[in-house]
Amino acid sequence: MKKKKYNGLFSYVCDKGRVRITNEDQVKGFINSNGDVLLCVADGMGGHKKGDYASKEIVDTLGNDFRKKRAFLNSISGSIWLQNELRKINKNVFKLQDTNEDYRGMGSTICCAMLIKRKLIVVNAGDSRCYIVKDGKLGCLTHDDTYVNYLIDKGEITPSEALTHPKRHYITNAVGIFPSFSFDLKIYKYNGEKIFLCSDGLYNNVSFKDIEANLNSKNTPEDKVHSLVNLANYNGGSDNISCILWESNDD
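Residues numbered from 1 in each chain as written. Predicted model: local features only at pLDDT ≥ 70, side-chain atom pairs only at ≥ 80, totals over all residues. Heavy atoms only, no water.

The subject of this paragraph is the packing of aromatic side chains. Going through the model one piece at a time under the given rule, you end up with nine aromatic pairs. Ring centres of Phe66 and Trp81 lie 6.0 Å apart, and the angle between their planes is 55 degrees; this geometry places the pair in the tilted category. Taken together, the positions of Phe66 in helix H1 (residues 50–68) and Trp81 in helix H2 (residues 75–99) put the pair 15 residues apart, joining distant regions of the chain. In terms of burial, Phe66 and Trp81 fall into one category: buried. Look at Tyr131 and Phe196: their rings are 6.2 Å apart centre to centre, the planes differ by 35 degrees, and that puts the pair in the tilted class. Placement of Tyr131 in strand E7 (residues 129–134) and of Phe196 in strand E10 (residues 194–198) is noted, with a sequence separation of 65 residues between them. The pair Tyr131 / Phe196 is uniform in exposure class, with both members buried. Taken together, the ring pairs in this structure connect Phe66, Phe72 and Trp81 into an aromatic cluster. In this structure, Arg129 packs its charged tip against the face of Tyr203, placed 3.5 Å from the ring centre. (Phe/Tyr/Trp six-rings, centres within 6.5 Å; stacked < 30°, edge-to-face > 60°. Helix = DSSP H or I, 4+ residues; strand = E, 2+ residues; numbered from the N terminus. Buried < 20%, exposed > 50% of the residue type's maximum accessible area, 1.4 Å probe, protein only. Lys NZ or Arg CZ within 6 Å of the ring centre and 35° of its normal.)

Spelled out as structure tokens, the structure:
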């Protein structure tokens, strides 16, 4: 049976925004020798050098190890590899911030999408997001690990109330903040849909409707991600802004 190799393009942008002094986001895409695809967005926290280090360590380690992995047997083996990688990274980041005062309090969100043999594997911890465009409709595949989402799930506030809640930026899960690490992992069938990942600096400054319209435009992936970052900055640029878009050329 012929191995599936993905035919497509990805493009990404990482921007400081208009308010932050430094950029603690990291975003990259990778393709291994087997043609599998890995997309990553990480939003660091803990201040300059701390958040910077955490997000870079996560994305670089994932990318380097992914490119060394020649092949996955199937999506299950791919998901096991990804889980083991993230637990290893969490252990290393937590140990550093727990034992070195210079890195105390650092951590990072992580959102990953892997394409392996007609399957899409999505992993998330924190409030970075993964979207999919199916039949022209934008859908979010991740659930934010935030305090306001916890309150929404309990029925204590409404989604509209969450938009202005004073603790709306509090995240409840991230890499490196606890010695053990939990995350959401889901596997979907993949049929060539557009995959879009971003940090909260993008979706907090660009409406769902505008993201959908942009991703459905006839522009190139590179033009689309730059247009969205420019729009986020035009609307305030209140945080670091990162996004990556994958578009398949397969039928």
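Still to come is the rest of the account.
In this model, the largest pocket occupies a volume close to 620 Å³. Forming the boundary of the largest pocket are 22 residues, of which Arg129, Asp144, Leu163, Tyr203 and Asn204 lie nearest the centre. Secondary structure elements with two or more residues in the lining of the largest pocket: E7, helix H3 (147–153), helix H4 (159–162), helix H5 (200–203) and helix H6 (208–215). Counted as a void, the second largest pocket has a volume near 360 Å³. Contributing to the lining of the second largest pocket are 19 residues, with Arg20, Asp43, Gly44, Asp200 and Asp239 lying nearest its centre. Breaking the lining of the second largest pocket down by element, the ones donating at least two residues are strand E3 (37–45) and H5. For the lining of the second largest pocket, the element with the most residues is E3, which contributes three residues. (1 Å grid on protein atoms, 1.4 Å probe; cavity = no way out; pocket = protein on both sides within 12 Å on 5 of 7 lines; lining within 4 Å. Points joined across faces, edges and corners; volume = space filled by probe spheres on them.)

Quick look at the nonpolar core now. With 26 residues, the main nonpolar core has Leu38, Leu62, Leu82, Leu86, Ile110 and Met114 as its most contacted residues. Within the residue set of this core, elements represented by two or more residues are E3, H1, H2, strand E5 (110–116) and strand E6 (119–125). Once residues lying within four places of it in the same chain are set aside, the contact partners of Leu38 are Lys28, Gly29, Phe30, Leu62, Phe66, Cys112, Ala113 and Met114. (Core = buried A, V, L, I, M, F, W, Y, C linked by side-chain atoms within 4.5 Å. Contact = heavy atoms within 4.5 Å.)

Moving on, we come to the packing of H6 against helix H7 (residues 221–234). The relative placement of two packed helices is expressed as an angle between their axes plus a distance between the axes. Taken N-terminus to C-terminus, the directions of H6 and H7 make an angle of 155 degrees; their axes are 10 Å apart at the nearest point. With respect to their mutual orientation, H6 and H7 come out roughly antiparallel. The element H6 and its partner H7 pack so that their crossing is right-handed. Residues Asp210, Ile211, Asn214 and Leu215 of H6 touch H7, and the partners they reach there are Lys224, Ser227, Leu228 and Leu231. The class makeup of the residues in the contact of H6 with H7 is four nonpolar, two polar and two charged. (Axes fitted to C-alpha atoms, helices over the stretch in contact; angles between N-to-C directions. Parallel < 35°, antiparallel > 145°, perpendicular 65-115°, else oblique. Left-handed = near helix turned anticlockwise from the far one by under 90°. Nonpolar A, V, L, I, M, F, W, Y, C, P; charged D, E, K, R; others polar.)

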